[in-house]
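Tertiary structure, described
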Amino acid sequence: GQNIDQPTEMTATEGAIVQINCTYQTSGFNGLFWYQQHAGEAPTFLSYNVLDGLEEKGRFSSFLSRSKGYSYLLLKELQMKDSASYLCAVVDNYGQNFVFGPGTRLSVLP
Amino acid sequence: DTEVTQTPKHLVMGMTNKKSLKCEQHMGHRAMYWYKQKAKKPPELMFVYSYEKLSINESVPSRFSPECPNSSLLNLHLHALQPEDSALYLCASSQYPPTDPSYEQYFGPGTRLTVT
């Protein structure tokens, strides 16, 4: 089975740094994705980790520890437009079954 | 072209109606997906097609019937739906088999379905 957990809600201030955690227990693993979803819109891809370590992309970084079943998304220099839901998703060994975590609703305050 | 298109954007249907949702991509992706998403919840996987063959059906009721007529198109046929089926229906596509550096899913804008 698949079990993915994220905090439900987080609040941060414009210009700050926020870390969103994701823990997972899955029967197979072929990578972990982070998506951003604004209300009423489709999810958009942010990052992908399949090996342990940190992947950096501009203001966004994502970290993975496969042995601990743990990932985080780090957002720097927060902007108001970063207010959205952040979803982590684990994909199985066959690269087809994407299972999404419950999502974290981030509110960025001025 | 990295776009997945879906039609219609909005759909209101009665419980006795038959309607279809359509999805199209021209990225050469050989995996296509249907998801259902309720408000403030994550997307729930419904069906996966790989190479135009149904590879995953997540125990979806038979009132939802998927179809993949070719490698660019994916349909979802709807019949005798219930009010609780009202949701955002998202289509996505990705490379298959998965290849590095990443094979993320590209999502369409979704169809917001209301069943009355």
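This write-up is about the structure you can find in this document. Bear in mind that the values here come from a model prediction, so they are computed numbers and not experimental data.

**Structural notes on the overall build of chain A**
- Looking only at helices and strands, one finds zero helices and eleven strands in chain A.
- What you see in chain A, going N to C, is helices and strands ordered as β-β-β-β-β-β-β-β-β-β-β.
- By its C-alpha atoms, chain A is 40 × 30 × 20 Å across when sized along the principal axes.
- Summarising the internal contacts of chain A: among those between residues at least 6 apart in sequence, 56% fall at separations of at least 24.
- Surface summary for chain A: the accessible area is close to 5100 Å², and the carbon and sulfur share equals 49%.
- Averaging the coordinates of the 7 positive side-chain charges in chain A and doing the same for the 10 negative ones gives two points 3 Å apart.

**Regarding the interface of chain B and chain A**
- Every contact between the two is made by 26 residues of chain B and, on the other side, 20 residues of chain A.
- Summing both sides of the interface, chain B and chain A together bury roughly 1800 Å²; the carbon and sulfur share of this comes to 58%.
- Between chain B and chain A we count zero salt bridges in total.
- Linking chain B to chain A there are two residue pairs in polar contact (both at pLDDT 80 or more).
- Those elements that place two or more of their residues in the side of chain B that touches chain A are strand 4 (31-37), strand 5 (44-50) and strand 6 (53-57) of chain B.

**Structural notes on the nonpolar core**
All names here are of chain B.
- Within the largest apolar cluster, 23 residues are counted, with the highest numbers of intra-cluster contacts made by Trp34, Phe64, Leu76 and Leu78.
- Mapped onto this core, the elements with two or more residues apiece are strand 2 (10-13), strand 3 (18-25), strand 4, strand 5, strand 7 (64-70), strand 8 (73-79), strand 9 (87-94) and strand 11 (111-115).
- Contact partners of Leu78, with chain neighbours within four places excluded, come to Leu11, Met13, Asn17, Lys18, Lys19, Leu21, Arg63, Phe64 and Leu113.

**A few points about the side chain of Asp82(A)**
- Positionally, Asp82(A) belongs in the loop between strand 8 (70-75) and strand 9 (84-91).
- Under the relative-accessibility criterion, Asp82(A) is labelled buried at 2%.

**Here we look at the pairing of strand 1 (residues 4-7) of chain B**
Residues and elements named next belong to chain B.
- Of the two faces of strand 1, the one holding Val4 and Gln6 is buried and the one holding Thr5 and Thr7 is not buried anywhere.
- Direction of pairing for strand 1 relative to strand 3: antiparallel, over a ladder of four bridges. For Gln6, the partnering residue across the bridge sits in strand 3 and is Cys23.

**Here's the deal with the sheet that holds strand 1 of chain B**
Residues and elements named next belong to chain B.
- Within the open sheet, the four strands sit side by side as 1-3-8-7. Their pairing is antiparallel. Bordering the open sheet on either side are strand 1 and strand 7, each of which pairs with just one other strand. Neighbour-to-neighbour, the strand axes of the sheet open up by a mean angle of 20 degrees, direction not taken into account.

**Some remarks on the sheet that holds strand 6 (residues 53-57) of chain A**
Residues and elements named next belong to chain A.
- Strand order in the open sheet formed by five strands is 1-3-8-7-6, with antiparallel pairing between adjacent strands. The open sheet has two edge strands, strand 1 (2-5) and strand 6, and neither has a second partner. Across the sheet, the mean angle from the axis of one strand to that of its neighbour is 15 degrees, orientation sign disregarded.
- Note that strand 7 (residues 60-65) and strand 8 share six bridges and pair antiparallel. Looking at strand 8, one finds that Phe60 is bridged to Leu75.

**Observations concerning the pattern of salt bridges**
Residue and element names in this part refer to chain A.
- For the structure shown, the criterion picks out six salt bridges over all chains.
- Here Glu9 makes a salt bridge to Arg105, at a shortest N to O gap of 2.9 Å. Taken together, the residues span a long stretch of sequence, with Glu9 in strand 2 (residues 9-13) and Arg105 in strand 11 (residues 104-109) at a distance of 96 residues.
- Put simply, Arg66 and Asp52 hold a salt bridge, and the shortest N to O gap is 3.2 Å. Taken as a pair, Arg66 in the loop between strand 7 and strand 8 and Asp52 in the loop between strand 5 (44-49) and strand 6 lie far apart in primary sequence, 14 residues in all.

**Concerning the pairing of strand 9 of chain A**
Residue and element names in this part refer to chain A.
- Burial analysis of strand 9 places eight of its eight residues in the buried class, which makes it a mostly covered element.
- Across six bridges, the pairing between strand 4 (residues 32-37) and strand 9 is antiparallel. Each bridged residue has a counterpart across the sheet, and for Gln36 the counterpart in strand 9 is Tyr86.

**What about the environment of Ala87(B)?**
Residue and element names in this part refer to chain B.
- Relative to the assigned elements, Ala87 resides in strand 9.
- For Ala87, a relative accessible area of 6% puts it in the buried group.
- Apart from the residues within four sequence positions on either side, Ala87 is in contact with Lys36, Gln37, Lys38, Thr111, Arg112 and Leu113.

What counts and what doesn't
Residues numbered from 1 in each chain as written. Chains lettered and ligands numbered in written order. Predicted model: local features only at pLDDT ≥ 70, side-chain atom pairs only at ≥ 80, totals over all residues. Heavy atoms only, no water. Helix = DSSP H or I, 4+ residues; strand = E, 2+ residues; numbered from the N terminus. Contact = heavy atoms within 4.5 Å. Areas by Shrake-Rupley, 256 points an atom, 1.4 Å probe, with all protein chains shown as cover. Lys, Arg positive; Asp, Glu negative; His and termini not counted. Charge placed at Lys NZ, Arg CZ, Asp CG, Glu CD. Buried area = accessible area lost by both parts, 1.4 Å probe. Salt bridge = Lys/Arg side-chain N within 4 Å of Asp/Glu carboxyl O. Polar contact = N/O pair within 3.5 Å; in protein donor to acceptor, adjacent residues only side chain to side chain. Core = buried A, V, L, I, M, F, W, Y, C linked by side-chain atoms within 4.5 Å. Buried < 20%, exposed > 50% of the residue type's maximum accessible area, 1.4 Å probe, protein only. Pairing = 2+ DSSP bridges. Axes fitted to C-alpha atoms, helices over the stretch in contact; angles between N-to-C directions.

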